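Close look at the chain arrangement
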Amino acid sequence: MIIAVDGPAASGKGTIARRLATHYGLGYLDTGSLYRRVGMGMVLRGEDPADEKLAKQAALALSATELPDEQIRSEQAGAAASIVAANQAVRAALRAYQQGFASNPPGDVKGAVIDGRDIGTVICPGADAKLFVTASLETRAERRYLELLKREGAADYTQIEADLAARDERDANRSASPLIQAEDACLLDTTKLDIEAAVAEAKALVDACLAQR
Ligand code: CDP
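What this report covers is the structure whose coordinates are included nearby. Values in this document were obtained by computation on a predicted structure and should not be read as measured data.

The subject of this paragraph is unusual backbone geometry. Within the chain, A10 stands out as a residue other than glycine whose phi angle is a positive 60 degrees. Within the secondary structure, A10 sits in the loop between β1 (2–6) and α1 (13–24). In this structure, S177 is a non-glycine residue whose phi angle is positive, near 45 degrees. With respect to the helices, strands and loops of the structure, S177 is situated in the loop between α9 (157–173) and β5 (186–189). For S177, a relative accessible area of 12% gives the class buried.

So, about the sheet that holds strand β4 (residues 129–134). Strand order in this open sheet of five strands is β2-β3-β1-β4-β5, and the pairing throughout is parallel. Edge positions in the open sheet fall to β2 (27–30) and β5, since each of these has one partner strand only. Taken over all neighbouring pairs, the strand axes of this sheet differ in orientation by 20 degrees on average, direction set aside. Here α1 sits on the sheet and contacts β1, β2, β3 (112–116), β4 and β5; the angle it forms with β3, its principal contact strand, is near 175 degrees. Along the sheet face, helix α2 (residues 31–44) touches β2 and β3 and points at about 40 degrees away from the line of β2.

Another aspect to go through is the state of the cysteines. The tally for this structure, following the rule as stated, stands at zero disulfides. Looking at the unpaired C124, the closest cysteine sulfur is the one in C209, lying at 14 Å. Overall, C124 belongs to the buried group, its relative accessible area being 8%. Free of any disulfide, C209 has its nearest cysteine sulfur in C186, 3.8 Å distant. Since its relative accessible area comes to 13%, C209 is described here as buried.

Basis of the calculations
- Residue numbers restart at each chain and count upward from 1, following the sequence in its written direction.
- With pLDDT at 70 or above as the cut-off, local features in this predicted model cover only qualifying residues; side-chain atom pairs require 80 or more to be listed or tallied, and sums for whole chains, interfaces and linings still use all residues.
- With hydrogens and water set aside, each side-chain value is computed from the structure's full complement of heavy atoms.
- Helix and strand assignments come from DSSP, with helices taken as H or I runs of at least 4 residues and strands as E runs of at least 2, each series counted from the N terminus.
- In this scheme, a residue with accessible area under 20% of its type's maximum is buried, one over 50% is exposed, and one in between is partly exposed, where area comes from a 1.4 Å probe on protein chains only.
- Note on pairing: two strands pair once DSSP finds at least 2 bridges between them.
- Helix axes are fitted only over the stretch in contact, all axes being lines through C-alpha atoms; the angle between N-to-C directions runs from 0 to 180 degrees.
- Between two residues, a contact is recorded if the distance between any of their heavy atoms is within 4.5 Å.
- By disulfide we mean two sulfur atoms from cysteines, separated by a distance within 2.5 Å.

In structure tokens, the structure reads:
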């Protein structure tokens, strides 16, 4: 069983996907962390994430790149990720790993929940249930602001909102697997929902998809 969860940054998709995985007893893959590791690995080596050749090499060598969580979750890593993610060769290099996880998730589980930008459209177009999780830019910026404030003790709302808008623009307008809602995905707008309400709504949508199979 595969559940695809796509959507823009800070829409709540990561938390929702993790909670769905626990609820249905499935494995979980955060595909954004793969792009973050590629992008941040390059930044740390002093490389330019826009350098297509070096980015492809970094993606092909990804299994050798372990980075601490705080580095992967940083805003700098998110920005570098969205630059390498526009590179078709990087996406191709990461596709096999993601599809391998989908067909054979680690552990004694009967499927996986995978979150990202192109899971329902490119990685797992035949997923059993697809969610497209979104929220207004202001709400997403507010969430990211509170998250950073808690983690790093300081955060700049205006900067965060501008960074998210730039990332949305890059993700939606790139030619390689742009962020779009799959035709058969259910839309979940979390703008006015807290996390418990969003998770409850996500379960109801997934149950409805599964009942239709
Ligand atoms: O956590 P957040 O939603 O901010 O970002 P993320 O899901 O970790 O993804 C970081 C960046 O990686 C995104 O802005 C996308 O450009 C890229 N990405 C992608 O292109 N395809 C995916 N399946 C996952 C992430």
